[in-house]
Amino acid sequence: MSILTSWQKFFFEPPAPSVVFQLSPSFLACFRPGQTPAVSEGSYFQTSLPRGVIEANWLQPNIKQPEIIEELSDRAIRQLKPAGNSISLILPEMSARALIFSVENGSLSGTELTRFVEWRLEKALAQPLSDLRYSYQAFNSQGLKKVLAVCSGLAVIKDYEELFRRKKLQAGKVTIPSISLINLMNLLNGEKVSDLLLVDVDYDYLSLVGVIDEVLSIYRQKPLWPETGGLDEQILTEVENTIQFVEDKNKKKPQLIYLRSGLPETAALIRTIEQSTIVKVHELYPEYPRLAPLVGGQ
């Protein structure tokens, strides 16, 4: 199964949302599907969050000051005027874990595969499944079956869902930025490149997703600390290390890098990556970089 041609919804299959909310430690954004970025005044809302309102954690509740989130979500709804109360939620990247597992027995039934994934999750994360919500997708890679599993603490998901439920908004799909960008990358891969690297960076995280022969090869999530300085150097090092890993493992390197950056300046970063890796960088939604996960998270 090609990750670039078949991608299931994260956590569970939802109805089409009236709006998509993204929450992070540094901002809240909201997008009403069916509009283009050119009419952002009516379809897109974004505002910065004070430090400490949201603290990303994949096991513990994230929202420390819910009254601020509720007030800003009211503002977003008043501005965007959605037609219904069904929403999609994009949580902070570091509020979930994404893991790739190899399946030695490729003939497992659906029930057996689920049990295998649950066993691997418990082993890798050292957490009881009763405390987690997870989703997975199986795909074939180099003759082997692999699984991408994405999970978050049940307390984390309930924290966000219950906040929006108090606003009479019902969360359908719950996802994270990098998963949303895989969806968007599928739509925008006009060059039909089969070997890609997705680099998703914002103030608090960096995610790198390697796709070789149209299937996932590596999925990395790392926290960032802007206060330490040298973000471009941190990002470049991780990009180089990821490309080297992919090349060593698959005997080929990505032909194209998709970059989504929420940082204020990306031109120098793009030049540095292209010069260092000799791989072309294509920026996702360069005019509205914060909009990209919301479009992919519909």
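A brief report on the enclosed structure follows. Not measured: the values here are computed from a predicted model.

The rules behind the values
- Residues numbered from 1 in each chain as written.
- Predicted model: local features only at pLDDT ≥ 70, side-chain atom pairs only at ≥ 80, totals over all residues.
- Heavy atoms only, no water.
- Helix = DSSP H or I, 4+ residues; strand = E, 2+ residues; numbered from the N terminus.
- Buried < 20%, exposed > 50% of the residue type's maximum accessible area, 1.4 Å probe, protein only.
- Contact = heavy atoms within 4.5 Å.
- Areas by Shrake-Rupley, 256 points an atom, 1.4 Å probe, with all protein chains shown as cover.
- Phe/Tyr/Trp six-rings, centres within 6.5 Å; stacked < 30°, edge-to-face > 60°.
- Lys NZ or Arg CZ within 6 Å of the ring centre and 35° of its normal.
- Core = buried A, V, L, I, M, F, W, Y, C linked by side-chain atoms within 4.5 Å.
- Pairing = 2+ DSSP bridges.
- Expected span 1.5 Å × (residues − 1).
- Axes fitted to C-alpha atoms, helices over the stretch in contact; angles between N-to-C directions.

### Looking at the overall build of the protein chain
Move 1: Scanning the protein chain from terminus to terminus reveals eight helices and 13 strands.
Move 2: When each of the 298 residues of the protein chain is scored for burial, the buried share is 55%.
Move 3: When contacts within the protein chain are restricted to residue pairs at least 6 apart in sequence, those whose partners lie at least 24 apart make up 68%.
Move 4: Carbon and sulfur atoms make up 49% of the accessible area of the protein chain, which totals about 12,900 Å².

### Section: the packing of aromatic side chains
Move 1: Tallied over the full model, the rule gives three aromatic pairs.
Move 2: Each ring, one from Phe21 and one from Phe164, has its centre 4.8 Å from the other, and the planes form 45 degrees; the classification is tilted. Placement of Phe21 in strand E1 (residues 19-23) and of Phe164 in helix H4 (residues 154-166) is noted, with a sequence separation of 143 residues between them.
Move 3: On the basis of relative accessible area, Phe164 is assigned to the buried category, the value being 0%.
Move 4: On the numbers, 6.5 Å between centres and 10 degrees between planes, the contact of Tyr134 with Tyr136 is stacked.
Move 5: A residue is classified by how much of its surface remains accessible, and Tyr136, at 21% relative accessible area, is partly exposed.
Move 6: Lying over the aromatic face of Phe27, Arg290 brings its terminal NZ or CZ to 3.9 Å of the ring centre.

### A closer look at the nonpolar core
Move 1: Leu148, Leu198, Tyr219 and Leu294 are the most contacted members of the largest nonpolar core, which has 32 residues in total.
Move 2: Of all elements in the fold, only strand E2 (27-31), strand E7 (144-153), helix H5 (177-188), strand E9 (196-201), strand E10 (205-212), strand E11 (215-223), strand E12 (256-261) and helix H8 (292-296) reach the threshold of two or more residues within this core.
Move 3: Examining the composition of this core, we find that five residues originate from one element, H5, more than from any other.
Move 4: Excluding its chain neighbours within four sequence positions, the residues that come into contact with Tyr219 are Ala98, Ile100, Leu148, Ser178, Ile179, Ile182, Leu208 and Val209.
Move 5: Counting residues in each nonpolar core, the second largest holds 26 residues, with Ala76, Ile87, Ile157 and Phe164 among its members.

### Examining the pairing of E7
Two faces belong to every sheet, and in a regular strand the side chains alternate between them.
Move 1: In terms of burial, E7 is largely enclosed, as eight of its ten residues are buried.
Move 2: As judged from the seven bridges shared by strand E5 (residues 97-103) and E7, these two strands associate in the antiparallel manner. Within E7, the residue paired with Phe101 across the bridge is Val147.

### Section: unusual backbone geometry
Move 1: Notably, Lys81 is not glycine yet its phi reads approximately 50 degrees, a positive angle.
Move 2: Structurally, Lys81 can be placed in the loop between helix H2 (66-80) and strand E4 (86-90).
Move 3: Phi is positive for Ile278, which is not a glycine, with a value near 55 degrees.
Move 4: Mapping Ile278 onto the fold places it in the loop between helix H7 (267-277) and strand E13 (280-283).
Move 5: By relative accessible area, which is 68% here, Ile278 ends up exposed.

### Regarding H2
Move 1: Its 15 residues give H2 an end-to-end C-alpha distance of 21 Å, which sits within 8% of 21 Å, the value for a rise of 1.5 Å per residue.
Move 2: Within H2, the full set of buried residues consists of Ile68, Ile69, Glu70, Leu72, Ser73, Ala76 and Leu80.
Move 3: Phi turns positive one or two residues past the end of H2, at Lys81, with a value near 50 degrees.

### Quick look at the sheet that holds E4
Each strand in a sheet pairs with its neighbour through backbone hydrogen bonds, running either in the same direction (parallel) or in the opposite one (antiparallel).
Move 1: Strand order in the open sheet made by the five strands is E3-E2-E1-E4-E8, with mixed pairing throughout. Each edge of the open sheet is held by one strand with a lone partner, namely strand E3 (44-48) and strand E8 (170-175). Pairs of neighbouring strands in the sheet enclose a mean axial angle of 20 degrees, with direction left out of account.
Move 2: Two elements, E1 and E4, share four bridges in a ladder whose sense is parallel. Within E4, the position partnered with Gln22 by the bridge is Ile90.
Move 3: Those strands touched by H2 are E1, E2 and E3, and its axis lies near 155 degrees from that of E3.

### Thoughts on the sheet that holds E9
Move 1: Reading across from one edge, E11-E10-E9-E12-E13 is the order of the five strands in this open sheet, with mixed pairing throughout. Strands with a single pairing partner mark the edges of an open sheet, and in this sheet they are E11 and E13. On average, each strand axis in the sheet is inclined to that of its neighbour by 20 degrees, with strand direction left out of account.
Move 2: Where E9 meets E12, six bridges bridge the pair, whose relative direction is parallel.

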